[in-house]
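Observations on the model geometry
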Amino acid sequence: MAGVGAEPGAELRALAPGFAHGYGQCSLHELRAREFHRLAGTVYLDHAGATLFAQSQLTNFTKDLTDNVYGNPHSQNTSSKLTHDTVEQVRYRILAHFHASPEDYSVIFTAGCTAALKLVAEAFPWVSRGPESSGSHFCYLTDSHTSVVGMRKAIMAMDVTFTPVRPEDLRLAEKRGAAACDPTCQLPHLFCYPAQSNFSGTRYPLSWIAEVKAGRRSPVSTPGKWFVLLDAASYVSTSPLDLSAHQADLVPISFYKIFGFPTGLGALLVHKRVAPLLRKTYFGGGTAAAYLAGEDFYVPRSSVAERPQNTRGLCWPQRDLAPLPPRGRRFEDGTISFLDVIAVKHGFDTLERLTGGMENIQQHTFSLARYTYAALSSLRYPNGAPVVRIYSDTEFSSPEVQGPILNFNVLDDNGNVIGYSQVDKMACLHNIHLRTGCFCNTGACQRHLQISNEMVKKHHQAGHVCGDNVDLIDGQPTGSVRISFGYMSTLEDAQAFLTFIRATWLHPAAGHTTPPAAVALGRGTAQDRAAGQDTGSPSPREGALPAPAPAAVGLCPASCEAVRAQPMSSGAAPVLDGDLGTHVVTNIYLYPIKSCAAFEVSSWPVGKQGLLYDRSWMVVNHNGICLSQKQEPRLCLIRPFIHLQHRVMVIEAEGMEPIEVPLEENSEQAQICQSKVCADRVNTYDCGENISNWLSRFFGRPCHLIKQSSSFQRNAKKKHGQDQFPTTTATLSLVNEAQYLLVNRSSVWELQQQLSTSDEKGRQESFPIQDLISRFRANIVTSGTRAFEEEKWDGISVGSLHFQVVGPCHRCQMICIDQKTGQRNQDVFQKLSESRKRKVNFGVYLMHTSLDSSSPCFLSVGSQVLPVLKENVQHHDLPASEKPQDVSS
């Protein structure tokens, strides 16, 4: 397995005998086909983030809702009683799942694990520091979720001390614990630790619960009474938890981690040892025994667990007398999400029916993780260097110490870390869903990646924030890659992931293409237009450009002659003759519909937001979410053409009749709606039912075409560390980051040379220049003298137009999509990544430096480009024609 040629599956199946056969009589493949058919062609490996619900789980739940009437449980009518009794029954089901007695534990429903932790931070009986007492202590393991660490902000407001504890320190804390124990001191302290690290899958001993409570293992040496909060959210997603054997005082959970649905519902399991001590300030509906609106009179419900007035019809656990029901009404402000609570019942039913219980799930998922760990850790480059660096505290010896989570970074053959963002993008090309970053666990991330506190602060000052794509700073990783398995994961999922790692970093298969999810359509009717055939719609080429349209009002002075618009061709546009030092605009493209095909022109009006009508429209799904080629590659087969004279956009696609859309909205009929582009709110309007039906037929699902409202202004954002934009009113269309994107032909040519390969028969295989240019979806293409010289520019001038370079374009997997067919080829991204030193940048973003609204202006092919170098770039070796005239400015 250590060699490059070894197969990842054949030699390691014996590591987990039988795990690929599913649960009981039903094979895992049958289960996947019946319950998770939506996973066909997808490798989902983010179960630690959220596992998936089964089809029958949702079907049974919706049938329950349609067959019964569930009313507000605070009422007294029949439907209310049904809801009340069902909710109470679910509480028992939860406790039974965790082997917890209703006499010992109560269930408080919350909005999730995080809400449960917040409740504890606010309700725990903290004692503030004072002259005669050090007060309570809040201690938490550094390998804890952000939601645990965040509790300290609430307790600090109460003047309570918090202490982070490293795992290695707690393992050595047993001896000092006995010395610190003082049975006469009842000062309450709280220690919180995860049963399973959501970062690495490490499982911490459940025996710590009893040891800390008994004072045999104290997180800090201080007298008092210790309570233990066990963060079980990650652990219980794939493993059984027996609270009768390990009686933690407080146990927060989230149900979507266990069976995928419902989201937004969790619970706090509260032991009777701590329940009477919990305090509450705010009170909401259903939590008061009595209160007055006119004066400060309020009586809370007497306890966390309160006996209901009517217990008829409840199925009590196997006892002669009904115990107190495990209710948390005192802490459940307002009406709980009772329909979601009912969904929890169906989640447990489905899990039991499909798998036979959590013990089976634990063995199955651990076997997959152990298999993948052994295969991944054995991968080596030809020089013997490891392909990955795995972050783990265990050798995956048993599910007692390790959960089904693997955390790692990919290395190159020199041992340098390849950024997690690049790994994520490459995984998306193979339809592999994984997780990257620090996973809301900075403590574990720091420990495993050896990131100091000072480095974290330095990274933040450099612009890195949690959840972004800044994966390397000064060559050091800011995060890692995580894969995790769920109860429906298969051996094929693990092998597909291993194949992806090997194919991408050990021996990539050059020239391999993968068709899009649906059959790719042809190029369409461009040839018909070129032959002069009438398509029934005005040709975008007919006639000269008219006077600027209303949307173009406010353009800068014209210095270019307007020429006819040209449809995009497969060949390169004419280039003016000149010496090697001359930079010339060779191609101009606009993309009227975001993520759809390009519209190539020879000259085009320039507006305040960029090229007129560039990315003014976008296609959205039935939920109003913008579609891109990453989700729907066939968008590139939609070909829009702007006809300024007729004031319409003509849209074409193979197998579809051309359709027209007006360039401007009817202000009286347009209904403004809210949409989002790159986290920015934008005002848009729907372009009508006709184009919606046209798009829906083409894609086979409901779609709409929307346009940015002409009255809405979307302001450009300044990036961290970036100077102010040249104008304070820089505005954007529906673009991602900037008004223009520029690509240098010399850079494309260099990439083309790297992509040129020979097959086993010696035949040369290459990508045409025009094919590569189309993948990068630039607005302006220039002829250059050296590859990637554009990244050294501070700005450019094209005639009377002046632009500032605002940064490089960080590429995603869209560049792997052939813009003529919709097919994917991973080699483009891979080669670009290798050549750019693991930073997948290509092209630069431009913004206007100033605009004069007195008259229109056009950007034209053939115009000379005058670059201005950045101040810290030496330019003495540049041709005279390239040297900037005023570098200091």
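Residues numbered from 1 in each chain as written. Predicted model: local features only at pLDDT ≥ 70, side-chain atom pairs only at ≥ 80, totals over all residues. Heavy atoms only, no water.

Overall, the coordinates contain one disulfide when judged by the stated rule. For Cys 438, the disulfide goes to Cys 445, at an S-S distance of 2.2 Å. On the S-S bond that ties Cys 438 to Cys 445, the torsion sits near -45°, and the link is left-handed. Like Cys 438, the residue Cys 445 is buried in the burial classification. Residue Cys 809 stays outside any disulfide, its sulfur separated by 8.0 Å from that of Cys 812, the closest cysteine. (Disulfide = S-S within 2.5 Å. Buried < 20%, exposed > 50% of the residue type's maximum accessible area, 1.4 Å probe, protein only.)

This paragraph deals with unusual backbone geometry. That bond from Phe 261 to Pro 262 is cis: its omega, 10°, falls within 30 degrees of zero. Structurally, Pro 262 is set in the loop between α10 (256-259) and β8 (266-271). Of note, Gln 450 is a non-glycine position whose phi angle comes to about 60°, a positive value. As for its placement among the helices and strands, Gln 450 is situated in the loop between α14 (442-449) and α15 (453-461). Positive phi outside glycine occurs at Arg 615, with the angle close to 50°. Structurally, Arg 615 is set in the loop between β24 (610-611) and β25 (617-621). (Helix = DSSP H or I, 4+ residues; strand = E, 2+ residues; numbered from the N terminus.)

This part is about the sheet that holds strand β27 (residues 648-653). Pairing is antiparallel in the open sheet, where three strands are placed in the order β26-β27-β28. The sheet is open, and its two borders are formed by β26 (639-643) and β28 (656-662), each paired with just one other strand. Each strand axis lies, on average, 20° off the axis of its neighbour in the sheet, ignoring direction. Here β27 runs beside β28; their pairing, made up of five bridges, is antiparallel. Opposite Ile 651, over in β28, you have Ile 659 as the bridge partner. (Pairing = 2+ DSSP bridges. Axes fitted to C-alpha atoms, helices over the stretch in contact; angles between N-to-C directions.)

By the criterion of burial, helix α20 (residues 769-776) is predominantly enclosed, with seven of the eight residues buried. In this structure, the buried residues of α20 make contact with β20 (583-590), β34 (740-744), α19 (745-755), β37 (780-783), α21 (827-835) and β41 (841-848). Arg 777 occupies a position one or two residues after α20 and carries a positive phi of about 50°. (Contact = heavy atoms within 4.5 Å.)

In the structure shown here, the tally under the stated rule is five cavities of 30 Å³ or more. Residue lining of the largest cavity: eleven residues in total, with Pro 73, His 74, Arg 91, Arg 329 and Ile 336 positioned closest to the centre. In terms of residue class, the lining of the largest cavity is built from three nonpolar, three polar and five charged. (1 Å grid on protein atoms, 1.4 Å probe; cavity = no way out; pocket = protein on both sides within 12 Å on 5 of 7 lines; lining within 4 Å. Points joined across faces, edges and corners; volume = space filled by probe spheres on them. Nonpolar A, V, L, I, M, F, W, Y, C, P; charged D, E, K, R; others polar.)

Low pLDDT means the predicted coordinates in that region are not meant to be read closely. In the predicted model, the chain carries a mean pLDDT of 82, and 79% of its residues have values of at least 70. Across residues 509-580, confidence stays below pLDDT 50; counting only partners more than four residues off in sequence or on other chains, it has 162 contacts. (pLDDT = per-residue confidence, 0-100.)

Reading across from one edge, β24-β23-β42 is the order of the three strands in this open sheet, with antiparallel pairing throughout. Among the strands making up the open sheet, the edge pair consists of β24 and β42 (858-860). Sheet analysis places strand β23 (residues 603-607) next to β42, joined by three bridges and oriented antiparallel. Paired with Pro 605 across the bridge in β42 is Phe 858.

With respect to the helices and strands, the residue Ala 597 is situated in the loop between β21 (593-594) and β22 (599-601). For Ala 597, a relative accessible area of 9% gives the class buried. Along the sequence, Ala 597 and Ser 774 sit 177 residues apart, while their C-alpha atoms lie 8.9 Å from each other. Residues within four places of Ala 597 in sequence aside, it is in contact with Tyr 591, Pro 592, Leu 635, Cys 636, Ile 638, Arg 639 and Pro 640.

Further remarks concern the packing of α19 against α20. Between α19 and α20, whose axes approach to 10 Å, the crossing angle comes to 115°. Viewed along their axes, α19 and α20 adopt a mutual orientation that is roughly perpendicular. The crossing of α19 and α20 is right-handed. Between α19 and α20, the residues in contact are Arg 745, Val 748, Trp 749, Leu 751, Gln 752 and Leu 755 and Ile 769, Gln 770, Leu 772, Ile 773 and Phe 776, respectively. When the residues that make up the contact of α19 with α20 are grouped by side-chain class, the tally is eight nonpolar, two polar and one charged. (Parallel < 35°, antiparallel > 145°, perpendicular 65-115°, else oblique. Left-handed = near helix turned anticlockwise from the far one by under 90°.)

Applying the stated criterion to the full structure yields 27 salt bridges. Here the residues in one salt-bridge network are Arg 34, Glu 35 and Arg 353, joined through shared partners. (Salt bridge = Lys/Arg side-chain N within 4 Å of Asp/Glu carboxyl O.)

Take the side chain of Lys 594 next. Structurally, Lys 594 can be placed in strand β21. Among buried charged residues, Lys 594 stands out as having no salt bridge; its nearest opposite-charge side chain is Asp 614, 9.1 Å away. A polar contact of 2.9 Å, which involves the side chain of Lys 594, links it to the backbone oxygen of Leu 734. Within polar-contact distance, the side chain of Lys 594 engages the side chain of Asn 736 at 2.6 Å. When near neighbours in sequence (up to four residues on either side) are disregarded, Lys 594 contacts Arg 615, Trp 617, Met 618, Cys 626, Val 677, Leu 734, Val 735 and Asn 736. (Lys, Arg positive; Asp, Glu negative; His and termini not counted. Polar contact = N/O pair within 3.5 Å; in protein donor to acceptor, adjacent residues only side chain to side chain.)

Right, let's get into the packing of aromatic side chains. Tallied over the entire structure, the rule returns 29 aromatic pairs. Centroid distance Phe 61 to Phe 261: 5.7 Å. Interplanar angle 55°. Geometry classified as tilted. Of this pair, Phe 61 sits in helix α2 (residues 55-67) while Phe 261 sits in the loop between α10 and β8; the two residues are 200 residues apart in sequence, bridging distant segments of the chain. Considering the side-chain rings of Phe 599 and Phe 641, the 5.8 Å spacing of their centres and the 80° angle between planes classify their relative orientation as edge-to-face. On the criterion of sequence distance, the pair formed by Phe 599 in strand β22 and Phe 641 in strand β26 is long-range, its members being 42 residues apart. Accessibility expressed as a relative area gives 0% for Phe 599, which makes it buried. Each member of the aromatic cluster is reached from another via a ring pair, and the members are Phe 124, Trp 126, Phe 138, Tyr 140, Phe 162 and Phe 227. Taking NZ or CZ as reference, Arg 38 lies 4.4 Å from the ring centre of Phe 53, over its face. Between Arg 634 and the ring centre of Phe 698, over which it is positioned, the NZ or CZ distance is 5.8 Å. (Phe/Tyr/Trp six-rings, centres within 6.5 Å; stacked < 30°, edge-to-face > 60°. Lys NZ or Arg CZ within 6 Å of the ring centre and 35° of its normal.)

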